[in-house]
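# Summary of the model geometry
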There are 2 protein chains.
Amino acid sequence: MRPAAIIGIGQTKIDEHWDKSLREIGGEAAFAAMQDAGMDNVDALFVGNMLSSTISGQNQLGAFFADWIGLWKQEAVKVEAACASGAAALRSALMAVAAGEIDSALIIGVEKMTDKAGHDVTSALATAADADYELEQGISFVGLNALIMRRYMHEFGWKHEDFAPFSINAHANAMHNPFARLHEKITVDKFEKSSMIATPINLLDASPIGDGAAAVILVPAEKVVSMPGKPRILVASSASATDTIAVHSRKDPLFLSAAYESAKRAYEMAGITPKDIDVFELHDAFSIMAALSLEASGFAERGTGVQLGLDDEISPTGRVPVCTRGGLKARGHPVGATGIYQVVEVVQQLRGECGAAQVDGARIGMAQNIGGSGATILTHILKAD
Amino acid sequence: MRPAAIIGIGQTKIDEHWDKSLREIGGEAAFAAMQDAGMDNVDALFVGNMLSSTISGQNQLGAFFADWIGLWKQEAVKVEAACASGAAALRSALMAVAAGEIDSALIIGVEKMTDKAGHDVTSALATAADADYELEQGISFVGLNALIMRRYMHEFGWKHEDFAPFSINAHANAMHNPFARLHEKITVDKFEKSSMIATPINLLDASPIGDGAAAVILVPAEKVVSMPGKPRILVASSASATDTIAVHSRKDPLFLSAAYESAKRAYEMAGITPKDIDVFELHDAFSIMAALSLEASGFAERGTGVQLGLDDEISPTGRVPVCTRGGLKARGHPVGATGIYQVVEVVQQLRGECGAAQVDGARIGMAQNIGGSGATILTHILKAD
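Residues numbered from 1 in each chain as written. Chains lettered and ligands numbered in written order. Predicted model: local features only at pLDDT ≥ 70, side-chain atom pairs only at ≥ 80, totals over all residues. Heavy atoms only, no water.

## A look at the packing of aromatic side chains
Our working rule: Pairing of aromatic rings covers Phe, Tyr and Trp, the last through its six-membered ring, and needs centres within 6.5 Å; plane angles under 30 degrees mean stacked, over 60 mean edge-to-face, and all others mean tilted. Three exposure classes are used, based on accessible area relative to the maximum for each residue type with a 1.4 Å probe and protein chains only: buried under 20%, partly exposed in between, and exposed over 50%.
Tallying each qualifying case throughout the model produces 12 aromatic pairs over all chains. Aromatic side chains phenylalanine 64 of chain B and phenylalanine 65 of chain B sit 5.0 Å apart centroid to centroid with 85° between the ring planes, which places their arrangement in the edge-to-face category. A single burial state applies to phenylalanine 64 of chain B and to phenylalanine 65 of chain B, both of which are buried. The structure contains a cluster of three or more aromatic residues connected by ring pairs, namely Tyr152, Phe156 and Phe163 of chain A.

Printed below as a string of structure tokens:
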């Protein structure tokens, strides 16, 4: 496989962009990435998106954005894996570069979610779950995660406030990220007193949706020269795995087996172990997911992911810095875009561009993107070279 | 690039399958392809689909089908490019095989369209067009194609009945395809008298929607042994190109420039010219699209695609056999599945399995899959080796 490097990144602030259309926010991130890379054309476009057909009445986002951005005639496609659509689009681009079929790719993760009412968005998000056997019961996506969190608390004896550090760390880090949706420091007290959504998940356990787009430019690594103070950002590995789509079909609903599988393959391919990871952008759609990701990816034993937060090991100065730019919780979660935001943020860390949230000497970073309640999980490892 | 071969095919009859769910029809085609290939597992799954989120409330079809089929833990993803989703999924799989990342892939094209009312389907299909600048005018997808056909007739002086041979040939060939949606021979008189949908497109210019799924198994060519009477079916080339998403943005709305681009690249990669193509499964969503595809792909001069039909050159014994299993017109058009049906049908021709619709000595076949009104077009060339 031909190794690939990321030479450009771009992103929009995540917000309620009622004054900007789907094509405008996607274009904004794409142009920023192309400018960062110093390129005005690419061989192919890969778009990660989940909801444009239901929320914006627009499909075929590959051609849609190729047209808007001016990549005329170039090949373009959309890739979808629910909330893991962004990372799935990156992986598709990696395959095309690795195959030698293309010499440059633009990958956009984009989602426009706030143009419809809340219940429409809740219904649209629920399409990530099993329509026949989960949604038929009337459960929402938050509801499914609430069942998982409740069971985890019961099984391993944690209290709700033990999850607070995930949210507090994310909010603290987002203060230094101008593209984050929320800029507001929180405390354990505030965390405990926030509104209940689906017991035991309250507002500060849950990530906010939003309109947003992020983009990266991928090229063969051999075409990039490493310079002092400006390392090449290599994609050291990429892996994807699946689990049952319905949570109730899993032998153990408290173990993200697709995270375990994809992380294991990613570590092997990169020739590293979890200890080598300097920064981990994980998929904290809900605080319980942060704990489960840490456990399945080899950073904590089963049922102890929460302890890493309580021990202050997840902040930028800790042993396993996570959500260093705010994570899904505070940077925001424009679902199909999230996977690319995570990769952009790992690149920022490896470039040393994160200011007060910078992880000192970060050289190896990992991004993990989850679709549904863990049905599709992709892990990417990047290395500064 | 590591060459790939197709070693298994499967398909369901296209119909109103009200007694079968999305997962059942997709599974049926997948199991048939795996049985045909003599395999019970694959490294990765690629699903081509356009409408499941809007019609069935189900996204994340990669994990969804991996779960249902029993490909547990394997990577899986959905690829979408409107009606070109099937071919786009195949191309994604080809890249992964070519990169050496996987050694086997299952590609499913699947669409469940008849569970909702007609106007819901019309709205869902319209998402292939430009929501902001075409659909806002109130035009449907058939309406857009009607404008193109009307202009073509005006520009090149053809009458409506001149398009009849496309429909007649498709219906005649479908008689020999048990998986086809329609089994009914038609005549010029019947063609001319059928109900008007959007002038000048009548019912027999238009392809019927339907529920259906088709699947193929892809492996590296080096792993397949060619045997007498059982040739290897190689993917000689794959190419994808885009055009503007809105028809009105094109300099010439009567030229499918993405078909031209993708066919040109596919010919070059395969080292052949249009003359070498023994069978061409083109995307006759509307009869006008058959004419435009033939022209843009190098089989006829501009404005003369219709003449090929009038000269009886498109039947299985003609110079350019098209729609040999019924095409979109009579085999049916379950949109995201169509691209895989086309590939399955080319494989059947190269294997010599088409009975009365067999093209004598077919050794090189082409499949061309169109998304929207020509915004995304993929061309694949297969060779019996």
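## Some thoughts on the relation of the copies chain B and chain A
To keep things clear, this is the line we draw: Copies overlap after least-squares fitting; the atoms used are the C-alpha atoms of residues with pLDDT of at least 70 in both. Note on definitions: a residue-residue contact is assigned when non-hydrogen atoms from the two residues lie within 4.5 Å.
Note on the identical chains: chain B maps onto chain A by a rotation of 180° and an axial translation of 0.0 Å, with an RMSD of 0.0 Å. The superposition of one copy onto the other is thereby described by a two-fold rotation axis. Residues of chain B ranked by C-alpha distance from the rotation axis are headed by alanine 99 of chain B, positioned 2.0 Å from it. The share of interface residues of chain B whose copies in chain A are also at the interface is 100%, consistent with both copies meeting through the same surface.

## What about the pairing of strand S4 (residues 105-111) of chain B?
All names here are of chain B. Definition in use: Only DSSP runs of H or I reaching four residues or more are called helices, and only runs of E reaching two or more are called strands; each is numbered from the N terminus. Here a strand pair is declared whenever DSSP counts at least two bridges between the two strands.
Burial analysis of S4 places seven of its seven residues in the buried class, the great majority of the element. Taking every second residue as pointing to the same face, both faces of S4 are buried, with Ala105, Ile107, Gly109 and Glu111 on one and Leu106, Ile108 and Val110 on the other. Two strands pair when backbone bridges link them, and strand S2 (residues 44-48) and S4 are joined in this way by five bridges, in the parallel orientation. When the sheet's bridge partners are listed, phenylalanine 46 is paired in S4 with isoleucine 107. Pairing of S4 with strand S7 (residues 212-220), which is carried by seven bridges, proceeds in the antiparallel orientation. For glycine 109, the partnering residue across the bridge sits in S7 and is alanine 214.

Shape descriptors only; they carry no functional weight alone.
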